[in-house]
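# Fold and contact review
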Amino acid sequence: MSRADLVVVANRLPVDRVEGPDGEPSWRRSPGGLVTALEQVMQNLDGAWVGWGGKADLEVDPFEFDGNLLVPVKLSPADLQDYYEGFSNGTIWPLYHDVIAAPVYKRSWWDAYVRVNRRFAEAAAEVANEGGVVWVQDYQLQLVPKFLRELRPDVTIGYFHHIPFPAYALFAQLPWRKQVLEGLLGADVVGFQRLADAGNFQRSIRRLLSYPTKSDTVQVPDGEGETRLVIAKHYPISIDAEQFIALSKDPAIIARAKALREQVGTDTLLLGVDRLDYTKGIRHRLKAHSELLADGRLTASAATLVQVASPSRPGVEAYQDLRDEIEKTVARTNGDYSSVEYTAIRYLHQGFPREEMVALYLAADVMLVTALRDGMNLVAKEYVAVRADNTGVLVLSEFAGAADELGSALLVNPHDIDGTKDTIMRAINMPKAEQARRMKTMRKKVMDHDVEKWGRSFLADVDALRKERADKAEADNA
Ligand code: F6P
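Residues numbered from 1 in each chain as written. Predicted model: local features only at pLDDT ≥ 70, side-chain atom pairs only at ≥ 80, totals over all residues.

Okay, unusual backbone geometry next. Across residues other than glycine, the phi torsion is negative in most instances, and most of the peptide bonds are trans. Positive phi outside glycine occurs at Asp-138, with the angle close to 75°. Along the chain, Asp-138 turns up in the loop between β7 (128-137) and α4 (144-151). Since 20 C-beta atoms lie within 10 Å of it, Asp-138 is described here as buried. Within the chain, Ser-210 stands out as a residue other than glycine whose phi angle is a positive 60°. (Helix = DSSP H or I, 4+ residues; strand = E, 2+ residues; numbered from the N terminus. Buried ≥ 20, exposed ≤ 12 C-beta atoms within 10 Å, placed from the backbone.)

Below you can see the structure in the form of structure tokens.
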């Protein structure tokens, strides 16, 4: 098998397997957030990507796609149940999102997590070039850095954590907390979304492992009396702003946005775009919206809420319960407040291509991002990027990572329903001059700090450590 200087390791490959009308399978780039973020970074490098092919028991040889080598990792139905739905999304996901749903601690899930993380590490070890760089992505693979270091001490390892890292008091619940920290500390650079996430990580290290931390670094004992320096700091992720701006200028997309507005027919279009996940605060948003209708501060003929809730993790019980609850609320609100002509909430339990999302962003007067906890939230940045005429209002949860950079949004605490209601009304009634002032500041932030810059700054730190190690090895050999 050919090898690569840069290897990305993520739970999923950046492609989905689709079957044509003749039954022939082929691969198509998948629309997920992680893929969107990394596709830019990977495009400019001759890299490899190690990940799961999206179907149980899928056995496929490594193959070329868009100039990169893709290396599928096989996961059995039991792996998917215990490692993916279980430990990743039934334990770590709720724990790291402030226990919005109750995390479940199951020893059989942990065993599967260890087993599968080892498999990903072995696949990465096989494909990385001597002295190369391996960049591990996200919470499903927190043990990969340590396993990989054991297999391939010559490679430099980066790990980026796309979701929040919780406060010590929550992280301490995890029965395998020390193993997870040691797993992450196998990396040379551990990246987080927010300054607070990096702080939480460092605090857990001091409390649980007693390793010294200083500003952005941790001193990790190497077992031979020496210490190894690990960088642990924040690198807020972003979007390919240029690509979104280009789409927003596409005449077909502009025409689509106009047609959507005409069909909806209301003065105001409110928009929510989320994976159907309990962290996204969709329930809180719907509650605030239905109360505004009940209070008579909004009417279905004046404002429509378009809520895109793309299907997610349907095998996990908490997601099934959430879907039931949301769909009941939407049906009730529409039953109570829609008319024959106007629909209060247009709910779409579907995923859409990027072009359609941009048309929706262009059509929306107010974008509602009310996550209860979110690593970053790229939807907020996408909305801002496409509003080239500086109109539109972003209502943004202070618990989303994006709030650190987009302070000119209308920030809300989504748990405060009255506050959220007032903020939605303020957004609807915001004068154009204020919209423009806020949007301009936010657009500058998103454009100055795009995903390419994110990738470059992370990999620059990895590369600096790689060079340092190479120099040291040379000096030791001299
Ligand atoms: O936000 C975390 C994340 O893993 C993203 O990287 C990904 O796009 C999304 O959640 C969807 O997750 P899943 O792979 O579980 O469908």
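Let's pick the thread back up.
Before going further, it helps to examine the domain arrangement of the protein chain. Domain assignment breaks the protein chain into domain 1 (4-237 + 453-470) and domain 2 (241-448). Here the C-alpha centroids of domain 1 and domain 2 sit 30 Å apart. Contact with domain 1, which involves 16 residues of that partner, is made by 17 residues of domain 2. The element best represented in the side of domain 1 that touches domain 2 is helix α2 (residues 77-96), accounting for three residues. Along the lines of polarity and charge, the residues of the side of domain 1 that touches domain 2 split into seven nonpolar, six polar and three charged. (Domains from an automatic or database assignment. Contact = placed C-beta atoms within 7 Å. Nonpolar A, V, L, I, M, F, W, Y, C, P; charged D, E, K, R; others polar.)

Below, the discussion takes up the sheet that holds strand β16 (residues 366-369). Sheet architecture is open: six strands sit in the order β15-β14-β13-β16-β17-β18, paired in parallel fashion. Edge strands, defined here as strands with exactly one partner in the open sheet, are β15 (345-348) and β18 (410-412). Neighbour-to-neighbour, the strand axes of the sheet open up by a mean angle of 20°, direction not taken into account. Of the strand pairs in this sheet, strand β13 (residues 268-275) and β16 are connected by two bridges, and their pairing is parallel. Within the sheet, the bridge partner assigned to Leu-270 lies in β16 and is Val-366. In the packing of helix α14 (residues 417-428) onto the sheet, contacts are made with β13, β14 (303-310), β16, β17 (393-397) and β18, and the angle to β18 comes to roughly 165°. (Pairing = 2+ DSSP bridges. Axes fitted to C-alpha atoms, helices over the stretch in contact; angles between N-to-C directions.)

What follows is about the sheet that holds strand β9 (residues 189-192). What the 10 strands build is an open sheet, ordered β5-β6-β4-β1-β7-β8-β9-β12-β11-β10; its pairing is mixed. At either margin of the open sheet sits one strand with a lone partner, and together these are β5 (63-65) and β10 (213-214). As defined by bridge partners, strand β11 (residues 217-221) adjoins strand β12 (residues 227-234) across five bridges and the pair is classed as antiparallel. For Val-218, the partnering residue across the bridge sits in β12 and is Val-230. With respect to the sheet, α4 is in contact with β1 (4-12), β7 and β8 (156-160), its orientation differing from that of β8 by roughly 170°.

Let us look at the nonpolar core. Judged by nonpolar contacts, the single largest core of 153 residues is most densely connected at Val-7, Val-9, Val-50, Ala-124, Val-134, Leu-394 and Val-395. Take this core: its biggest share by element is 10 residues, from helix α3 (residues 107-127). Mapped onto the domain boundaries, this core takes at least three residues apiece from domain 1 (4-237 + 453-470) and domain 2 (241-448). If near-sequence neighbours (up to four positions away) are discounted, Val-134 is found in contact with Val-7, Val-9, Ala-124, Ala-128, Leu-148, Val-155 and Ile-157. (Core = buried A, V, L, I, M, F, W, Y, C linked by C-beta atoms within 7 Å.)

Before going further, it helps to examine helix α12 (residues 354-363). Of all 10 residues that make up α12, seven are buried, and the element is covered over most of its length. For α12, the full list of buried residues reads Met-357, Val-358, Ala-359, Leu-360, Tyr-361, Leu-362 and Ala-363. Residues of α12 that are buried in the fold lie against α8 (241-248), α9 (251-264), β13, β14 and α13 (378-386).

For the rest of this paragraph, the subject is the confidence of the model for the protein chain. The predicted model of the protein chain has a mean per-residue pLDDT of 96, with 99% of residues at 70 or higher. Per the prediction output, this complex has pTM 0.96; the corresponding ipTM is 0.94. (pLDDT = per-residue confidence, 0-100.)

By the element assignment, Thr-279 lies in the loop between β13 and α10 (282-295). Here Thr-279 falls in the buried class, since 25 other C-beta atoms lie within 10 Å of it. Separated by 133 residues in the primary sequence, Thr-279 and Lys-146 have C-alpha atoms spaced 29 Å apart. Aside from chain neighbours lying at most four places away, what touches Thr-279 is His-97, Ile-100, Ala-371, Leu-372, Arg-373 and Asp-374.

This paragraph deals with the packing of α8 against α12. At a minimum axis separation of 10 Å, α8 and α12 run at an interaxial angle of 70°. It follows from the interaxial angle that α8 and α12 lie roughly perpendicular. Residue-level contacts link Phe-244, Leu-247 and Ser-248 of α8 to Arg-354, Glu-355, Val-358 and Leu-362 of α12. Across the contact of α8 with α12, the residue classes break down as four nonpolar, one polar and two charged. (Parallel < 35°, antiparallel > 145°, perpendicular 65-115°, else oblique.)

A separate point is the environment of Leu-34. As for its placement among the helices and strands, Leu-34 is situated in helix α1 (residues 33-43). Judged by local crowding, Leu-34 falls into the buried class, with 20 C-beta atoms found within 10 Å. As a C-alpha pair, Leu-34 and Thr-333 span 299 residues in sequence and 34 Å in three-dimensional space. Those residues in contact with Leu-34 that sit more than four places away from it in its chain are Ala-10, Gln-137 and His-162.

In this section: α3. Given 3.6 residues to a turn, an α-helix orients residues that are three or four positions apart in the same direction. When the terminal C-alpha atoms of α3 are compared, their 31 Å separation across 21 residues agrees well with the 30 Å that a helix rising 1.5 Å per residue should span. All of the buried residues along α3 are Trp-109, Trp-110, Ala-112, Tyr-113, Val-116, Asn-117, Phe-120, Ala-121, Ala-123, Ala-124 and Val-127. The secondary structure elements touched by the buried residues of α3 are β1, β4 (47-52), β6 (68-73), α2, β7 and α4. (Expected span 1.5 Å × (residues − 1).)

With respect to the helices and strands, the residue Ala-470 is situated in helix α16 (residues 451-477). Owing to 13 C-beta atoms within 10 Å, Ala-470 belongs among the partly exposed residues under this scheme. Distance from Ala-470 to Arg-12, taken between C-alpha atoms, is 31 Å for residues 458 residues apart in sequence.

Between two packed helices, what matters for the description is the angle formed by their axes and the separation of those axes. Axis separation between α9 and α12 bottoms out at 8 Å; the angle between their running directions is 55°. Here α12 runs oblique to α9, going by the angle between their axes. In this structure, α9 meets α12 at a crossing whose hand is right-handed. Where α9 abuts α12, its residues Ile-253, Ile-254, Arg-256, Ala-257, Leu-260 and Arg-261 lie against Glu-355, Val-358, Ala-359, Leu-360, Leu-362 and Ala-363. Here the contact of α9 with α12 is built from residues that sort into nine nonpolar, no polar and three charged. (Left-handed = near helix turned anticlockwise from the far one by under 90°.)

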